[in-house]
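Take a look at the letters that make up each chain.
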Amino acid sequence: MNVQHSTTPQCEKCTDSALAHQWNSTDWNKTRATVNRLQTRIAKATIEERWNLVKRLQYLLTHSYHAKLLSVRIVTQNRGKRTPGVDGELWNTPQEKMRAAMTLTDKQYRAKPLKRIYIPKPGKTTKRPLSIPTMYDRAMQALHALALQPVAETVADFRSFGFRLYRSAQDASQYAFQCLVHPKSAQWILEGDIKGCFDNISHEWLKENVPMDKQVLHEFLNAGFIYEQQLFPTDRGTPQGGVVSPILANMVLDGMETLIMNQYPNMKVHFIRYADDFIVTAPTKETAEELKELIRGFLLKRGLELSEEKTTITHIDDGFNFLGWCVRKYNGNLLMKPSKSSIQRLTQKIRYTIQKAAAWTQDQLIDALNPVITGWTNYHSHVASKATFQRMDAVMWNMLWKWAKRRHPQKGHQWIANRYWHTEETRNWVFKSETKNLALFADTKIRRRSMVKLEMNPYLDKEYFLNRIDSLNQRTTTTQTKLTYFAVCRPKIGL
């Protein structure tokens, strides 16, 4: 399990300066385009169900020099680039990155154990396990993810929106709105919750059904993890924190939509899934109960089960929460707005930030709060959020006023107001310094989101997604579409 990843003799002869020059002079547009051509061929072969060709193309991609370069770049540019695995190794310099790309191979590959940490869940006392692979194992996962992603995207359920290219939580909510907005829409909703989805997926099912190198997949799944200097085996589940894990989890849950729609055609039954969160609409409560049992059987074959406590059946007039939004009908009119739990988490985050800022300057506080405000408003800007935005501005003003008074207990209210709040054009009480303004929730405009065409494939319909991204970017200064490292890039088509 602790076998060291050896370097090749050819790589050992390379000087650091030569390796650094080779990395820095890489034409990344050409690299992305080369990988993307292979990915497109994999997607086409998947549509034609030519699985032997898929296997050969995947082999070509995972042994491609360009794909190895790109895999190393992926893991050295993402948010976890400064977090080492159990070996403590990081790739910070160009020569380290180039050497890693040259030594990336599946020959005698043995994955090292994962480093296990626990992070708090938002708004909860419980913690979520996070498993951190070594840099080398991350690069191997990224490399095989490049080969697996075209297959996963091509066979995916149309109404699966989580961990998908160019699909988002906003697209999932928009489709849910379309399914429920009409007066004669389904009245009952099955809210599904899978118990420990990532932790309980059957390894046997994955090895039998996921089209990738079985030995490499075995290493990814059975690496084990180290916690408090003790090694624990992993005989089920995919590690939360691995690059390839979201793709594997999606492939496990794909097929649920087809099963449901085949069983209940033309019955106001609609399926919407985002990662392991899903809802199913139903015309009657009895149909919702039947759907629950149908899904239970689907999951059982994959080593998963529904949570009895969190899987509920709800009438639309009572409302339900989905991905941070409350969806409910009032006198026959459907309203979708930020949920109470989402607002509470935001309020707690702002309060915690302001409490930490007791000794900060006003500029430092504005720098800390603006990304929180902008991110939250962008996420909710396509639903009925205007009243919520205005309310949050009032809540934040009160917190800032208390912060300012604590800083200057000997000063009067007028002095404090003049010190931190100013007039700007027609607006009074603007929290600003000489150089920076605090963003306001209510400044974000509410814009309905156009629905993504569900049948489009990001590897075969590139122009559609390029145009869609351009359109979304023109409507908001901060894009609402999360671009992953598999994204299509301009000026040349990349990943």
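Novice: Which residues make up the overall build of the protein, and what values go with them?
Specialist: The secondary structure content of the protein amounts to 19 helices and 13 strands. In terms of C-alpha radius of gyration, the protein reaches 25 Å, essentially the compact-globule figure of 23 Å for 495 residues. Along the three orthogonal principal directions, the C-alpha set of the protein runs to about 75 × 65 × 50 Å. Split into buried and exposed, the 495 residues of the protein put 50% on the buried side. Long-range pairs, those at least 24 residues apart, make up 71% of the contacts in the protein between residues at least 6 apart in sequence.

Novice: An account of the sheet that holds strand β5 (residues 230–232) is needed here, citing residue identities and associated values.
Specialist: Judged by pairing direction, the sheet is mixed, and its four strands sit side by side in the order β2-β1-β4-β5 without closing on themselves. Pairing within the sheet leaves two strands with one partner each, and these edge strands are β2 (127–132) and β5. With direction set aside, neighbouring strand axes in the sheet form an average angle of 40°. Two elements, strand β1 (residues 114–120) and strand β4 (residues 225–227), share two bridges in a ladder whose sense is parallel. What sits directly across from L114, in β4, is F225.

Novice: Can you explain the sheet that holds strand β8 (residues 312–315)? Please cite residues and give values.
Specialist: Think of a sheet as strands paired side by side through backbone hydrogen bonds, with each pair either parallel or antiparallel. Strands sit in the order β6-β7-β3-β8 across an open sheet of four strands; the sheet is antiparallel. Unpaired on one side and paired on the other, β6 (270–274) and β8 mark the two borders of the sheet. Sheet twist, expressed as the mean angle between neighbouring strand axes with direction ignored, is 20°. In this structure, β6 lies alongside strand β7 (residues 277–282), joined through five bridges in antiparallel fashion. Within the sheet, the bridge partner assigned to I272 lies in β7 and is I279. This element, helix α8 (residues 169–180), spans β3 (188–193), β6 and β7 of the sheet and lies at about 165° to β6.

Novice: Just give me the short version of the packing of aromatic side chains, but keep the residues and values in it.
Specialist: Scanning all chains against the criterion turns up 23 aromatic pairs. Considering the side-chain rings of W23 and W28, the 5.1 Å spacing of their centres and the 65° angle between planes classify their relative orientation as edge-to-face. Since its relative accessible area comes to 7%, W23 is described here as buried. An angle of 40° between the planes, with centres 6.5 Å apart, marks the rings of F161 and Y175 as tilted. In this pair, F161 sits in the loop between α7 (135–155) and α8 while Y175 sits in helix α8, placing the two residues 14 residues apart along the sequence. Assigned by exposure class, F161 and Y175 land together as buried. An aromatic cluster of at least three residues, connected via ring pairs, comprises W397, W401, W403, Y420, W421, W429 and F431. Taking the ring centre of W415 as reference, the NZ or CZ of K411 above it sits at 4.9 Å.

Novice: Explain a positive patch on the surface residue by residue, including any values.
Specialist: Side chains of R351, K402, K405 and R406 sit close together on the surface and give a patch of like positive charge. Here the element with the most residues in the positive patch is helix α17 (residues 386–407); it accounts for three residues. Here K405 is to be found in helix α17. K405 sits in the partly exposed class, given a relative accessible area of 33%.

Novice: How would you summarise the pattern of salt bridges if you had to cite specific residues and measurements?
Specialist: Pairs may arise between side chains of opposite charge once their charged atoms sit close together. Considering all chains together, one arrives at 16 salt bridges under this definition. Residues R50 and E48 are paired through a salt bridge, measuring 3.3 Å at the closest nitrogen-oxygen approach. Where K436 meets D367, a salt bridge forms, and the shortest distance between an N and an O atom there is 2.6 Å. Within this pair, whereas K436 is found in the loop between β13 (427–431) and α19 (462–475), its partner D367 is found in helix α16 (residues 362–380), the two being separated by 69 residues in sequence. Judged by relative accessible area, which is 28%, K436 ranks as partly exposed. For D367, a relative accessible area of 40% puts it in the partly exposed group. Taken together, the shared-partner salt bridges connect K292, E293, R296 and E308 into one network.

Novice: Tell me what's going on with helix α18 (residues 413–420), and back it up with residues and numbers.
Specialist: Within the sequence span of α18, burial applies to I416, A417 and Y420. One side of α18 carries all its buried residues, which in axial view fall inside an arc of 100°.

Novice: Report on the nonpolar core, specifying residues and quantitative values.
Specialist: Ranked by size, the top nonpolar core spans 73 residues in total, and within it M256, V280, I295 and L299 carry the most contacts. Broken down by element, this core gets its largest block of residues, 12 residues, from α7. Residues in contact with V280, not counting those within four places in the same chain, are W188, I189, L190, I260, V269, H270, F271, L291 and I295.

Novice: Can you tell me about helix α12 (residues 245–253), naming the residues and giving the values?
Specialist: Burial of α12 is extensive: nine of the nine residues sit out of reach of the surface. Listed as buried for α12 are S245, P246, I247, L248, A249, N250, M251, V252 and L253.

So, how was this worked out
- Residues numbered from 1 in each chain as written.
- Predicted model: local features only at pLDDT ≥ 70, side-chain atom pairs only at ≥ 80, totals over all residues.
- Heavy atoms only, no water.
- Helix = DSSP H or I, 4+ residues; strand = E, 2+ residues; numbered from the N terminus.
- Rg over C-alpha atoms; globule rule 2.2 N^0.38 Å.
- Buried < 20%, exposed > 50% of the residue type's maximum accessible area, 1.4 Å probe, protein only.
- Contact = heavy atoms within 4.5 Å.
- Pairing = 2+ DSSP bridges.
- Axes fitted to C-alpha atoms, helices over the stretch in contact; angles between N-to-C directions.
- Phe/Tyr/Trp six-rings, centres within 6.5 Å; stacked < 30°, edge-to-face > 60°.
- Lys NZ or Arg CZ within 6 Å of the ring centre and 35° of its normal.
- Patch = residues over 30% accessible without salt bridge, like charges linked within 9 Å, V, L, I, M, F, W, Y side chains within 5 Å.
- Areas by Shrake-Rupley, 256 points an atom, 1.4 Å probe, with all protein chains shown as cover.
- Salt bridge = Lys/Arg side-chain N within 4 Å of Asp/Glu carboxyl O.
- Lys, Arg positive; Asp, Glu negative; His and termini not counted.
- Charge placed at Lys NZ, Arg CZ, Asp CG, Glu CD.
- Arc of directions from axis to C-beta.
- Core = buried A, V, L, I, M, F, W, Y, C linked by side-chain atoms within 4.5 Å.

These results come straight from atomic positions and should not be treated as a statement about function.
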